[in-house]
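Architecture and fold: a report
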Amino acid sequence: MEDTILPKSYRVAILGSTGAVGTELLELLEARNFPLGDLKLLASPRSAGTTLSFQGESLTVEAVTEDSFHNVDLVLASAGGSTSKLWAPKAVQAGAVVIDNSSAFRMMADVPLVVPEVNPDAAQFHQGIIANPNCTTILMSVALWPLHCVQPIKRVVVATYQSASGAGARAMEEMKEQARAILAGETPKTDIFPYPLAFNLFPHNSALTEIGYCEEELKMVNETRKIFGTQDIHISPTCIRVPVMRAHSEAINLEFASPFPVAKARELLSHAPGVTLLEDWQKNYFPMPMETSGKDDVFVGRIRQDISHPCGLELWISGDQIRKGAALNAVQIAELLVAKNWLKVPASVLKV
Ligand code: NAP
């Protein structure tokens, strides 16, 4: 009988498995047939013992402990910054590579910040941890990189329209309950967000810095520069929460050193990986969060010449920030590590 070489499979743990990103990770691992040998679902003690369905089986969620990462090859972490800071280094020392969705490690020099359509090769230099960028930053990077490669972008002015789910599973429930309360003539309650989001909007709820930009806005500046590998791109974001359940949208103004023809931008974006060009000028039909929810691509449309600047372009984008802005990007990084044989913690990082 001939020997059959079985494809290698990997032991994976999802830290934050019960959350908005965690449940999407579970769905994507199943849908994309990730080569799984074993799957461990981790969360806080609050949801230990609850079950989640995977490939028709019911898997029990465990509270994360010191022993959680033994015999694990890959940790997909989506449990917030402080949880990642506590557990990611322990997971790496137990021999697991961590792909982290929080902002805890993103700007560290030895942590690659990866969007597979933009800078896949950065992943190979990981020291055990790879960071998934901020969701609005991922969506913008995927749309701008094909243009930037042809003619470097000098300046970006961007306004975001960020959905409730960007703040997690409980934020979605909060907005639904607020909508119900307002329609019933009651006073809406706030817990996750500082103000009612239903029938309202407000500047992003992340902390304000002393220069007047909030943390979310500065993530877009600093992370885009790290992903694009240049400090020469100047970015001014205004981040806004809007009463949309899922998918973030962005109005983006670009400035180049010389004119960038609209037709060329359209042609480039119609072939770009991870991008769907969606424009019907007759019907005034362009990407909308209701339609981009649950989709993999970043949708781009309404590409037009900036009438205030000869070297300016305007675009409108919308994309599912739980999917491409978080879970899908993380799974794509995992697939890249597998394909390139980079899914191992360098020996030099492991303490003896
Ligand atoms: P979420 O819906 O609130 O889920 C948080 C998850 O983390 C839950 O599974 C929760 O488990 C777990 N968790 C919380 N504290 C923990 C602890 N001390 N120990 C272990 N597990 C703990 O949040 P999310 O929206 O999925 O976001 C998760 C991470 O992804 C955050 O860092 C967020 O910034 C990032 N992210 C989110 C988005 C998005 O669109 N939502 C996009 C990009 C990045 P329990 O069920 O036990 O509470």
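Residues numbered from 1 in each chain as written. Predicted model: local features only at pLDDT ≥ 70, side-chain atom pairs only at ≥ 80, totals over all residues. Heavy atoms only, no water.

Structural notes on the environment of Leu 208
- If you trace the backbone, Leu 208 turns up in the loop between strand E9 (202–203) and helix H5 (215–228).
- Taking relative accessible area as the criterion, Leu 208 reaches 68% and is therefore assigned exposed.
- Along the backbone, Leu 208 and Leu 218 are 10 residues apart, and their C-alpha atoms lie at a distance of 9.8 Å.
- Contact partners of Leu 208, with chain neighbours within four places excluded, come to Tyr 213 and Cys 214. (Helix = DSSP H or I, 4+ residues; strand = E, 2+ residues; numbered from the N terminus. Buried < 20%, exposed > 50% of the residue type's maximum accessible area, 1.4 Å probe, protein only. Contact = heavy atoms within 4.5 Å.)

Examining the environment of Leu 25
- Within the secondary structure, Leu 25 sits in helix H1 (residues 20–31).
- Residue Leu 25 is classed as buried on the basis of its relative accessible area, which comes to 0%.

A short note on the sheet that holds strand E8 (residues 153–162)
- The sheet built from 7 strands is open, its strands ordered E9-E10-E8-E11-E14-E13-E12 with mixed pairing. Of all the strands in the sheet, the pair left with one neighbour each is E9 and strand E12 (275–277).
- The sheet contacts of H5 involve E8, strand E10 (234–241) and strand E11 (248–256), and relative to E10 the element is tilted by about 140 degrees.
- Here helix H6 (residues 262–271) sits on the sheet and contacts E12, strand E13 (298–305) and strand E14 (312–319); the angle it forms with E13, its principal contact strand, is near 170 degrees. (Pairing = 2+ DSSP bridges. Axes fitted to C-alpha atoms, helices over the stretch in contact; angles between N-to-C directions.)

As for the pairing of E14
- Burial within E14 is extensive, with 7 of its 8 residues counted as buried.
- Note: E11 against E14, 8 bridges, orientation antiparallel. If you follow Glu 255 over to E14, its bridge partner there is Gly 312.
- Direction of pairing for E13 relative to E14: antiparallel, over a ladder of 6 bridges. Looking across to E14, one finds that Phe 299 is bridged to Ser 318.
- In this antiparallel pair of consecutive strands, E13 and E14, the connection spans 6 residues.

Things to note about helix H8 (residues 323–340)
- When the local axis directions of H8 are compared, the greatest deviation, roughly 35 degrees, occurs at Asn 329.
- Taken across its 18 residues, H8 has 14 buried, putting it largely inside the fold.
- With its phi angle positive at about 60 degrees, Asn 341 sits one or two positions after the end of H8. (Bend = angle between axes of the 7 residues up to and from the residue.)

Quick word on the packing of helix H3 (residues 135–150) against H5
- The geometry of H3 relative to H5 is characterised by a closest axis approach of 10 Å and an angle of 40 degrees between their N-to-C directions. It follows that H3 is oblique to H5 by the angle criterion. Note on packing geometry: the crossing formed by H3 with H5 is right-handed. On the side of H3, the interface is formed by Cys 135, Thr 136, Thr 137, Met 140, Ser 141, Leu 144, Trp 145 and His 148, while H5 contributes Glu 216, Lys 219, Met 220, Glu 223, Thr 224, Ile 227 and Phe 228.
- Looking at side-chain class alone, the contact of H3 with H5 contains 7 nonpolar, 5 polar and 3 charged residues. (Parallel < 35°, antiparallel > 145°, perpendicular 65-115°, else oblique. Left-handed = near helix turned anticlockwise from the far one by under 90°. Nonpolar A, V, L, I, M, F, W, Y, C, P; charged D, E, K, R; others polar.)

Considering the side chain of Thr 136
- Looking at where Thr 136 falls in the secondary structure, it is placed in helix H3.
- Among the residues examined, Thr 136 registers a relative accessible area of 0% and is labelled buried.
- With sequence-adjacent residues up to four places away left out, Thr 136 is seen in contact with Thr 160, Gln 162, Glu 216, Met 220, His 248 and Glu 250.

Some words on the site of the ligand
- Neighbouring residues of the ligand: 26 residues in total, closest Thr 18, Val 21, Ser 44, Ser 47 and Ala 169.
- At 3.3 Å, a backbone N or O of Gly 80 approaches an oxygen atom of the ligand.
- At 2.9 Å, a backbone N or O of Ala 169 approaches an oxygen atom of the ligand.
- In isolation the ligand has 890 Å² of accessible area, and contact with the protein removes 77% of it.
- Looking at the shell around the ligand, the elements with two or more residues in it are H1 and H8.
- Each residue belonging to the shell around the ligand can be placed in one class, and the counts come to 9 nonpolar, 16 polar and 1 charged. (Near = heavy atom within 4 Å. Polar contact = N/O pair within 3.5 Å; in protein donor to acceptor, adjacent residues only side chain to side chain. Areas by Shrake-Rupley, 256 points an atom, 1.4 Å probe, with all protein chains shown as cover.)

Notes on the nonpolar core
- Residues Val 75, Val 156 and Leu 254 are the most contacted members of the largest nonpolar core, which totals 93 residues.
- In terms of residues, this core owes the most to one element, H8, which gives 9 residues.
- Those residues in contact with Val 156 that sit more than four places away from it in its chain are Met 140, Leu 144, Ile 233, His 234, Ile 235, Ser 236, Ile 252, Asn 253 and Leu 254.
- Core analysis: the second largest hydrophobic core is formed by 7 residues, Ala 171, Phe 193, Leu 197 and Ala 198 among them. (Core = buried A, V, L, I, M, F, W, Y, C linked by side-chain atoms within 4.5 Å.)

Some thoughts on the sheet that holds strand E4 (residues 57–63)
- Ordered in space as E3-E4-E2-E1-E5-E6-E7, the 7 strands form an open sheet in which the pairing is mixed. Every interior strand has two partners, whereas the edge strands, strand E3 (51–54) and strand E7 (129–131), have only one. Taken over all neighbouring pairs, the strand axes of this sheet differ in orientation by 25 degrees on average, direction set aside.
- Both strand E2 (residues 36–43) and E4 contribute to a ladder of 3 bridges, which runs parallel. Counterpart to Ala 43 in the pairing with E4 is Ala 63.
- Where helix H2 (residues 81–93) meets the sheet, it contacts strand E1 (10–15), strand E5 (74–77), strand E6 (97–100) and E7, and its direction lies at approximately 155 degrees from that of E6.

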